[in-house]
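Architecture and fold: a report
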Amino acid sequence: MHDPGANAGYSVAAMDLFTSNDENRHRIQVVENSFGPAGQPLSKPGRYLMGQGRLVKQGRRKPQPKVFFLFSDVLVYGSIILHRRWHKNQKVIPLEDIMLKDMEDTEGLKNQWLMRTPRKSFFVSAPSYEEKWAWMEHIEECRSNLLQGGGSQAGSTFAVAWIPDQAAFKCMRCFDNFTMTNRRHHCRKCGFLVCNACSTQRAVIGHIHPTKRLRVCSLCDTRTKEYEMSSPGGNGTGKNSSEEDNEAASSDEEEGVETMEGHAYSSWLVSHQGTCGQTGTYVYPIPMNQRPQ
């Protein structure tokens, strides 16, 4: 297995072995406070902050920098809005619901991998090969430790990754050109870019939302109905809707404008004394093999 710490250029701020619970609670509180009152509470007995750093997340329209915090049981990320200290659009993903897939470099994103979750799957990239593997291996190790504890069960159903808007200029079903009036939409079942005429159907996709009817393309709708009709007692239940579904709420937290300083990365912990500042790398405050049990 690749050792992220073996590269001399990969700087890590490792904490002392006997990091106190008070220090850990303080660090978690700092993260919680950075999201303001709109964020979920993050303090929880037995939860440890394992690492943090900045990654580039492939959004619907363009890649955008996000801050990520790895805890012993969840992964938290959000948008950066001010001086690397304030964040918004907090997302909390249980580690048991995450599956990682290594991806090859593309022209747009280097050192990338796919983050699969039940509600949403997306691509992220790190600034270096070493940091990419540090993130992937630490997430996998935290997830493995969590599942071995017996209190969680690994997820088995994951959302598809959306094809970015700029990747297609025609509907991927009827091949009509996208225009100012013939807008792009995403099928929530296959992730393809489709026009409105090819995505008038709505369907419940349980692992994304238990009750909300989401936009699906004509092909996915047909396949779903065929499957339902062939199943014992099946009867097609797909419903047509002319109402525009709330795309931002269901699967795409369009980020808007973010105010950031010109630094590539940031972290608030750079030494075992807890000094605040910038390291320019992924940081894990507690060595993984020394995580409190």
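Just above sits the structure.
As a starting point, this report considers the structure included with it. (Residues numbered from 1 in each chain as written. Predicted model: local features only at pLDDT ≥ 70, side-chain atom pairs only at ≥ 80, totals over all residues. Heavy atoms only, no water.)

**Details of the packing of aromatic side chains**
For any pair of aromatic rings, the description rests on two quantities: the centre-to-centre distance and the angle between the ring planes. One pass over the full model with this rule turns up 5 aromatic pairs. Here the aromatic rings of Phe 68 and Tyr 77 are separated by 5.0 Å at their centres, their planes lie at 20°, and the arrangement is stacked. Taking the centre distance of 6.2 Å and the plane angle of 70° together, the rings of Phe 68 and Trp 135 count as edge-to-face. Pair noted here: Phe 68 is in strand E2 (residues 63–71) and Trp 135 is in helix H2 (residues 129–148), with a separation of 67 residues, a long-range link. Take Phe 68: its relative accessible area is 0%, and that puts it in the buried class. An aromatic cluster is defined as three or more aromatic residues linked by ring pairs; in this entry it consists of Phe 68, Tyr 77, Phe 122 and Trp 135. In this structure, Arg 47 is placed above the aromatic ring of Phe 71, and the distance from its NZ or CZ to the ring centre is 5.9 Å. Lying across the ring of Phe 122, Lys 57 places its NZ or CZ 5.3 Å from the centre. (Phe/Tyr/Trp six-rings, centres within 6.5 Å; stacked < 30°, edge-to-face > 60°. Helix = DSSP H or I, 4+ residues; strand = E, 2+ residues; numbered from the N terminus. Buried < 20%, exposed > 50% of the residue type's maximum accessible area, 1.4 Å probe, protein only. Lys NZ or Arg CZ within 6 Å of the ring centre and 35° of its normal.)

**Remarks on helix H1 (residues 21–34)**
Between its first and last C-alpha atoms H1 spans 20 Å; for 14 residues at 1.5 Å apiece the expected length is 20 Å, and the two agree. Turning to H1, its buried residues are Asn 24, Arg 27, Ile 28, Val 31, Glu 32 and Ser 34. Within H1, the buried residues cover an arc of 165° as seen down the axis, which keeps them to one side. Along H1, exposed side chains directed more than 90 degrees from the buried face belong to Asp 22 and His 26. (Expected span 1.5 Å × (residues − 1). Arc of directions from axis to C-beta.)

**A few points about the side chain of Thr 117**
Summarising the element assignment, Thr 117 is placed in the loop between strand E6 (112–116) and strand E7 (122–125). In this structure Thr 117 touches Ile 93, Asp 97, Ile 98, Phe 158 and Ala 159, once residues within four positions along its chain are discounted. (Contact = heavy atoms within 4.5 Å.)

**Re the environment of Phe 69**
Within the element layout of this structure, Phe 69 appears in strand E2. A relative accessible area of 2% places Phe 69 in the buried class. Put simply, Phe 69 and Met 50 are 19 residues apart on the chain and 7.7 Å apart in space, counted from C-alpha to C-alpha.

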